[in-house]
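Residue-level structural notes
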Amino acid sequence: WIVANASTYNIDTDYISVGGASAGAITTMALGVSDLEDFRDEISVDDDPTLSTTNLDVTYEVQGMVYFWGSKIKLDVFEMVYGIDRFDANDPELFMAHGDAEDPVTPYEGSVAIQDIYRSLGIHSELVTLEGKGHGAWDAKVGGKGLYELSHDFLVERQGLNSK
């Protein structure tokens, strides 16, 4: 909807970034790394007429992702079902913040594994370790900066934006 209505709201679609925390980070990873048709084409407008209002013909490219204590589980399931690994050198740059305290739902090691995938593909990514923090560490500070400022600085720097 945002891309389909970009001209109405003066949105520059050359700088699309997505982000989220926990389940939102999982969705962010799936949205940024998967191909547009992966989830869009599972059912047709004939199967579900309400899809006619969802701008299925609009394309976009995600430029950056912000991810807090998530995982790549949606992409893992996609790979198990379809046998396709969606990580490739065209994936968007990634900023991750994840606590290293024990977290059975989204373990820190998962973010380290994503960082390793990104390094192997030569894509810029940053993993900020929130030392001693667990899931939902919104109050975390690294170098005196909170999560909002850290992710904002990443997007501004990496996309060459002017935020003043």
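Source: prediction; values computed, not measured.

**A word on the pattern of salt bridges**
Inspection of every chain in the model, using the stated rule, returns eight salt bridges. The shortest N-O distance in the salt bridge between Arg86 and Asp35 comes to 3.0 Å. Pair noted here: Arg86 is in the loop between helix 3 (73–82) and strand 3 (93–99) and Asp35 is in the loop between helix 1 (23–33) and helix 2 (36–40), with a separation of 51 residues, a long-range link. Residue Asp139 pairs with Lys133 through a salt bridge whose shortest N-O separation is 3.6 Å. Judged by relative accessible area, which is 27%, Lys133 ranks as partly exposed.

**Quick word on the nonpolar core**
Side chains of nonpolar character tend, in soluble globular proteins, to be buried together. Core analysis: the largest hydrophobic core is formed by 15 residues, its most contacted members being Met29, Val33, Met65, Tyr67, Leu94, Ile114 and Tyr118. Elements supplying a minimum of two residues to this core: helix 1, strand 2 (64–68), strand 3 and helix 4 (108–121). When residues in this core are grouped by element, the largest group, three residues, is from helix 1. The contacts of Met65, once residues within four sequence positions are left out, are Val18, Thr28, Met29, Gly32, Val33, Pro92, Glu93, Leu94, Phe95, Tyr118 and Phe154. Within the second largest apolar cluster, 13 residues are counted, among which are Phe95, Val128, Leu130 and Leu150.

**Side note on a nonpolar patch on the surface**
Among the surface-exposed residues, Ile73, Val77, Met80, Val81, Tyr82 and Ile84 lie close enough to one another that they form a single nonpolar patch of about 590 Å² accessible area. Along the polypeptide, Val81 turns up in helix 3. Under the relative-accessibility criterion, Val81 is labelled exposed at 56%.

**Quick look at unusual backbone geometry**
Phi is positive for Ser22, which is not a glycine, with a value near 60°. Mapping Ser22 onto the fold places it in the loop between strand 1 (17–21) and helix 1. The exposure class of Ser22 is partly exposed, given its relative accessible area of 22%. Positive phi, close to 40°, is recorded for Trp69, a residue that is not glycine. Here Trp69 shows up in the loop between strand 2 and helix 3. In this structure Trp69 comes out as buried when scored by relative accessible area, which is 2%.

Criteria and thresholds
- Residues numbered from 1 in each chain as written.
- Predicted model: local features only at pLDDT ≥ 70, side-chain atom pairs only at ≥ 80, totals over all residues.
- Heavy atoms only, no water.
- Salt bridge = Lys/Arg side-chain N within 4 Å of Asp/Glu carboxyl O.
- Helix = DSSP H or I, 4+ residues; strand = E, 2+ residues; numbered from the N terminus.
- Buried < 20%, exposed > 50% of the residue type's maximum accessible area, 1.4 Å probe, protein only.
- Core = buried A, V, L, I, M, F, W, Y, C linked by side-chain atoms within 4.5 Å.
- Contact = heavy atoms within 4.5 Å.
- Patch = residues over 30% accessible without salt bridge, like charges linked within 9 Å, V, L, I, M, F, W, Y side chains within 5 Å.
- Areas by Shrake-Rupley, 256 points an atom, 1.4 Å probe, with all protein chains shown as cover.

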